[in-house]
Amino acid sequence: MVQKITSIQCIMLIMSSITPTFILTVPSIVVESSGQDAWLSILLAIAAAVLIAWLIGAICSMNPGMLLIDWLDSRLGRLAGSLFGLILAFYYFTNETIIIRQFINFMSENVLTRTPAYAIITVALLVMLYSANHGIEVIARINMIISLITFLTILVTIILLLNKVQLPFLLPIGEHSIRSIIHGSIPPTAWLSEVAILLVLLPYLKHPEHASLIGIWSVIASGIELLLFVVAAIVIFGPELITILAYPTFNMVGILKLGNLMERIDVLFISLWISTMYIKMSIFMFCSWHCFVHSCRIKNTRPFLPAIGLLTALYTLWSWPKTTETNHFNRFSLSPDLLTFNVVIPLIIWLCCLAAGIRAPRAKGR
């Protein structure tokens, strides 16, 4: 039986593919570039991401609902389809290792300070393999529950932070140059470009004709979520302090308390964030497995899932042994990487499909 997900479930899945790591590191990077005008950079990034979502939607509109690799085979030929499939498999695999390393770094520094990295990655790997093995529909259902609880938690968090807001931190508006604001918009645009995962999710949609709207609403909702966190961090800490904080979002939640009744509310927030990270890692594990086995025309796909999982764990521990290396990559190399695989590669696919569509009628006419 082919698994199917609704449009709302797909929007939530795409958001969960973007926001968990998005809110972890992006606020400090954006504020470092554009200071208190970081919210302008986020708005610019949302506008750019909507265009990217439109591009992804345009590609999806050409696909009648087939699996991505099978559709590329039928449209561009088997060689081109396999090539693009392996490129995407490589992207999801390498990005998965980066996500896991970010997760390990945060957990080791803030939550499980005495737990070795291999123990954290073992638990995460078991969750990813179990989820991916049960398919995208199961991941989507679990994600809906976690997302609803997360939205309520964010709402409560914003309400509790209102008494700590200092609006003068947002002034003066427009102090930074257009160049700085554009430079600050590049990292959030890169993260929002992960809406390209819709290309893999398309055949599982109950209503694939809504793909463009799903992509657009996904990036708008994800962008608004980041905008709220960035503005909240600025009006609470100020732009100067944010730039020296490794995880300003969690530092912001860490100062919350409910009178003398309840403290350390951040534990609840971190617990939910861990759940969303498991969802994101499961989605990327599913996508890397999906792209690899279909590109290689593998019939019996089950044995390859644990193999890919083991390779992911080993590559994560070997490639990113130090936190400083991961942080450097996140700041300077991750944005070009995301834009290359989520914008440039889909753009090439779109142009190739347009060219193939033009050649086909000409050949038929002859």
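As shown above, the structure is provided for reference.
In this text, all values refer to a predicted model and were calculated from it rather than measured experimentally.

Asks: Can you break down the environment of Leu 68 residue by residue, with the values?
Replies: Within the fold, Leu 68 resides in helix α3 (residues 68–76). Using a relative accessible area of 2% as the deciding quantity, one classes Leu 68 as buried. Expressed as a C-alpha distance, the spacing of Leu 68 and Pro 187, which sit 119 residues apart in the sequence, is 27 Å. Apart from residues lying up to four places away in sequence, Leu 68 is in contact with Leu 88, Leu 199 and Val 200.

Asks: Tell me what's going on with the packing of aromatic side chains, and back it up with residues and numbers.
Replies: Under the criterion given, the structure shown has 18 aromatic pairs. The interplanar angle of 65° and the centroid separation of 5.6 Å between the aromatic rings of Tyr 92 and Phe 284 together place this pair among those described as edge-to-face. Of this pair, Tyr 92 sits in helix α4 (residues 78–111) while Phe 284 sits in helix α12 (residues 266–295), and the two are 192 residues apart along the sequence. The two residues Tyr 92 and Phe 284 agree in class, both being buried. One aromatic cluster is present, formed by Phe 103, Phe 106, Phe 229, Tyr 247, Phe 250, Phe 269, Trp 273 and Tyr 278 through successive ring pairs.

Asks: Just give me the short version of the nonpolar core, but keep the residues and values in it.
Replies: Ranked by internal contacts, the top residues of the largest apolar core, which has 121 residues, are Ile 14, Tyr 92, Phe 103, Leu 198, Trp 273 and Met 281. Here this core takes 16 residues from α12, the largest share from any one element. For Ile 14, the residues in contact, after removing those within four places along its chain, are Val 195, Ile 197, Leu 198, Leu 201, Ile 214 and Ser 218.

Asks: Requested: an account of helix α7 (residues 178–192), with residues and values cited.
Replies: The end-to-end C-alpha distance of α7, which contains 15 residues, comes to 21 Å, matching closely the 21 Å that a straight helix rising 1.5 Å per residue would cover. Buried residues of α7: Ile 181, Gly 184, Ser 185, Pro 187, Pro 188, Thr 189, Ala 190, Trp 191 and Leu 192, and no others.

Asks: Talk me through the pattern of salt bridges; I want residue IDs and the actual numbers.
Replies: Should their charged atoms come close, side chains of opposite charge can pair. Summed over all chains, the structure comprises 4 salt bridges. A salt bridge links Arg 297 to Asp 73; the shortest N-O distance between them is 2.4 Å. Remark: Asp 73 occurs in helix α3 and Arg 297 occurs in the loop between α12 and α13 (304–319); sequence separation between them is 224 residues. Judged by relative accessible area, which is 24%, Arg 297 ranks as partly exposed. For Asp 73, a relative accessible area of 17% corresponds to the buried category. As a salt-bridge pair, Arg 141 and Glu 137 come within 2.8 Å of each other at their nearest N and O atoms. Remark: Glu 137 and Arg 141 occur in helix α6 (residues 136–161); sequence separation between them is 4 residues, near one turn of the helix.

Asks: Tell me about the side chain of Gln 102, and name the residues and values.
Replies: Residue placement: Gln 102 occurs in helix α4. Gln 102 sits in the buried class, given a relative accessible area of 4%. Residues contacting Gln 102, with those up to four places away along its chain left out, are Thr 21, Leu 24, Trp 191, Thr 326, Asn 330 and Leu 334.

Parameters and conventions
- Along every chain, residues carry numbers that run from 1 in the direction the sequence is written.
- Two thresholds apply to this predicted model, a pLDDT of at least 70 for residue-level local features and 80 or more for giving and counting side-chain atom pairs, whereas whole-chain, interface and lining totals are computed over all residues.
- Excluded from the side-chain calculations are hydrogens and water; all other atoms, namely the structure's heavy atoms, are used.
- Strands are runs of DSSP state E lasting at least 2 residues, helices are runs of H or I lasting at least 4, and numbering of each runs from the N terminus.
- Note on classification: 1.4 Å probe, protein chains only; a residue is buried when its accessible area is under 20% of the maximum for its type, exposed when over 50%, partly exposed between these limits.
- Whether two residues are in contact is decided by their heavy atoms: any pair within 4.5 Å suffices.
- Ring geometry is summarised as follows: Phe, Tyr and Trp rings, the Trp one being its six-membered ring, pair when their centres sit within 6.5 Å, and such pairs are stacked at plane angles under 30 degrees, edge-to-face over 60 and tilted between the two.
- Throughout this description, the term nonpolar core refers to a set of buried Ala, Val, Leu, Ile, Met, Phe, Trp, Tyr and Cys residues connected via side-chain atoms within 4.5 Å.
- Here, expected helix span is obtained from the residue count minus one, scaled by 1.5 Å.
- One side-chain nitrogen of Lys or Arg within 4 Å of one carboxyl oxygen of Asp or Glu is enough to make a salt bridge.

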